[in-house]
Amino acid sequence: MKEADMYEPVKKWLEERGFTVYPEVECNRAGGRADIVAKSGAVVGVVEMKQSLTLDLIDQALRWRGYANYIWIAIPHKPKAYKKFVSMVLADYGIGVLTFSKYGTIWADKHARFMRRTLPHLKEALTHHHLAADVKGGQRGGGYVTPYRITMNNVQLFLKRKGGWCRISEILDYCETHYAAPRASLAKALQTFERSWCEMKKEAGKLHFRYRSQAPDTNDPAQNPIRLSDRQLRVLLALSAGQWQTPTQIARQLPGVTRDWADRSGSLFVSPILKALIKKGLLEKNPAGRGQYRVTPAGEAVRKEFDGE
């Protein structure tokens, strides 16, 4: 059973208990992304899903202590899945276990303990975009709801409703963004990565944007820039120009992550993204076989579009 296949049964189990379910929620303050966050009133719960019970899964769940009132891990049923030490750790930290049968039945094998005192950061990360996104908890390969994607969803909705040409200043009057320098950064993003739905023109030295009502010309290279997922863009921007770096070194430069998380899990998170960027011609791997990567000239051109963000 894949992690993404567990999502619907867990979602149903939580909804039957009065929770609203948010998949793939990123919380930089906690240093990661939760497979599922569930909210009921002021109560917040987290579910981390894996195909087997491992210490890495427990460590992943422990990340949310202090941020969630309930913490569960979800795994397929296996006879004698718990060793005494594991059971003690789960009990000591109040982590619940949701177990799946091969027939799709789910039950609470171990109950989560309610933790009263929590920080608000995870709750504040929940948005309606998570509910509207076509994303399942536990899936891999991008498409997650990130601050960048929330910004672009808001801009797209505004331009679609507006129906005509708008300057960046008009867009920013109605749309909040995650950018430190919103005027320049938003303009670069719309020109570079959002051409599939955003049309641009320059008039009297000023850039204007509008929602593209028709699909772009697929024969026009200018209308088909390199497409990057939010995770791929974050990793590309994290690399240092002209330097060979290991996946762990790159992970340490990602915004919002802790050094402890980067050293423990950063390589697993970054490695598949690096392979995707190599296929796009934006990175190259050290031919000496040392597991090091650096930006290509094409990758540097993309990075320059976002310089200063």
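The structure we're discussing is the one just above.
Predicted model, so just to flag it, every value in this text is computed and none were measured.

J.: Looking at this structure, how should I read the overall build of the protein chain?
T.: On a plain count of helices and strands, the protein chain comes out with twelve helices and eleven strands. Out of the 309 residues belonging to the protein chain, those deemed buried represent 44%. Sequence separation of 24 or more characterises 59% of the internal contacts of the protein chain that already satisfy a separation of 6 or more. Accessible surface for the protein chain amounts to roughly 16,300 Å². Of this, 49% is attributable to carbon and sulfur atoms.

J.: Would you take a moment to explain the pattern of salt bridges for this structure?
T.: Two side chains carrying opposite charge are able to pair once their charged atoms lie near each other. Per the stated rule, a full pass over the model turns up twelve salt bridges. Of the charged contacts in the structure, one is a salt bridge between Asp 263 and Arg 252, with a shortest N-O distance of 2.8 Å. Linking Asp 263 in helix 11 (residues 259–279) with Arg 252 in helix 10 (residues 247–252), this pair joins segments that are eleven residues apart in sequence. Judged by relative accessible area, Asp 263 falls into the partly exposed class, the value being 41%. Taking the relative accessible area as the measure of exposure, Arg 252 reaches 33% and is therefore partly exposed. Two residues, Asp 260 and Arg 264, come together in a salt bridge whose shortest N-O distance is 2.5 Å. With Asp 260 and Arg 264 both in helix 11, this residue pair falls four residues apart, about one helical turn. Owing to a relative accessible area of 33%, Arg 264 belongs among the partly exposed residues under this scheme. Through salt bridges that share partners, Glu 24, Glu 26, Arg 33 and Arg 234 make up one connected network.

J.: Would you mind going over the sheet that holds strand 8 (residues 198–203) with me for this structure?
T.: The strands making up a sheet associate through hydrogen bonds between their backbones, and the pairing can be parallel or antiparallel. An order of 7-9-8 is seen for the three strands of this open sheet, with the pairing classed as antiparallel. Looking at the sheet topology across the chains shown, the edges are occupied by strand 7 (166–167) and strand 8. Bridge count between strand 7 and strand 9 (residues 206–211): two bridges; the pairing is antiparallel. Directly across from Cys 166, in strand 9, lies its bridge partner Phe 209. The strands touched by helix 6 (residues 147–162) are strand 7, strand 8 and strand 9; relative to strand 9, the strand with the most contacts, the crossing angle is about 85 degrees. Taken strand by strand, helix 8 (residues 182–192) contacts strand 8 and strand 9, and its axis lies near 55 degrees from that of strand 9.

J.: How should I be thinking about the sheet that holds strand 2 (residues 32–40) in this particular structure?
T.: Pairing is mixed in the open sheet, where six strands are placed in the order 1-2-3-4-5-6. In this open sheet, the two strands that pair with only one neighbour each are strand 1 (20–27) and strand 6 (106–110). Pairs of neighbouring strands in the sheet enclose a mean axial angle of 35 degrees, with direction left out of account. Pairing of strand 3 (residues 43–49) with strand 4 (residues 70–76) involves five bridges; the strand directions are parallel. Its bridge partner being in strand 4, Val 46 is matched across the sheet by Ile 71.

J.: Just to check I follow, could you spell out helix 6 for this structure?
T.: In an α-helix, one turn spans 3.6 residues, which is why side chains three or four residues apart end up on the same side. End to end, helix 6 covers 23 Å across 16 residues, agreeing with the expected 22 Å (1.5 Å per residue, within 8%). Turning to helix 6, its buried residues are Tyr 148, Ile 150, Thr 151, Met 152, Val 155, Phe 158 and Leu 159.

J.: What exactly am I supposed to notice about the packing of aromatic side chains here?
T.: The geometry of an aromatic ring pair comes down to the distance between the two centres and the angle between the two planes. For the structure shown, the criterion picks out seven aromatic pairs. Plain terms: the ring middles of Phe 19 and Trp 72 are 6.3 Å apart, the flat faces sit at 85 degrees to each other, and that makes the pair edge-to-face. One end of the pair, Phe 19, is in the loop between helix 1 (3–15) and strand 1; the other, Trp 72, is in strand 4, and 53 residues separate them in sequence.

J.: Help me understand the side chain of Arg 212 in this model?
T.: When you line up the elements, Arg 212 lands in the loop between strand 9 and helix 9 (230–238). No salt bridge forms around the buried Arg 212; measuring N to O, its nearest opposite-charge neighbour Glu 199 is 4.7 Å away. At 3.3 Å, the side chain of Arg 212 forms a polar contact with the backbone oxygen of Cys 198.

About the cut-offs
Residues numbered from 1 in each chain as written. Predicted model: local features only at pLDDT ≥ 70, side-chain atom pairs only at ≥ 80, totals over all residues. Heavy atoms only, no water. Helix = DSSP H or I, 4+ residues; strand = E, 2+ residues; numbered from the N terminus. Buried < 20%, exposed > 50% of the residue type's maximum accessible area, 1.4 Å probe, protein only. Contact = heavy atoms within 4.5 Å. Areas by Shrake-Rupley, 256 points an atom, 1.4 Å probe, with all protein chains shown as cover. Salt bridge = Lys/Arg side-chain N within 4 Å of Asp/Glu carboxyl O. Pairing = 2+ DSSP bridges. Axes fitted to C-alpha atoms, helices over the stretch in contact; angles between N-to-C directions. Expected span 1.5 Å × (residues − 1). Phe/Tyr/Trp six-rings, centres within 6.5 Å; stacked < 30°, edge-to-face > 60°. Lys, Arg positive; Asp, Glu negative; His and termini not counted. Polar contact = N/O pair within 3.5 Å; in protein donor to acceptor, adjacent residues only side chain to side chain.

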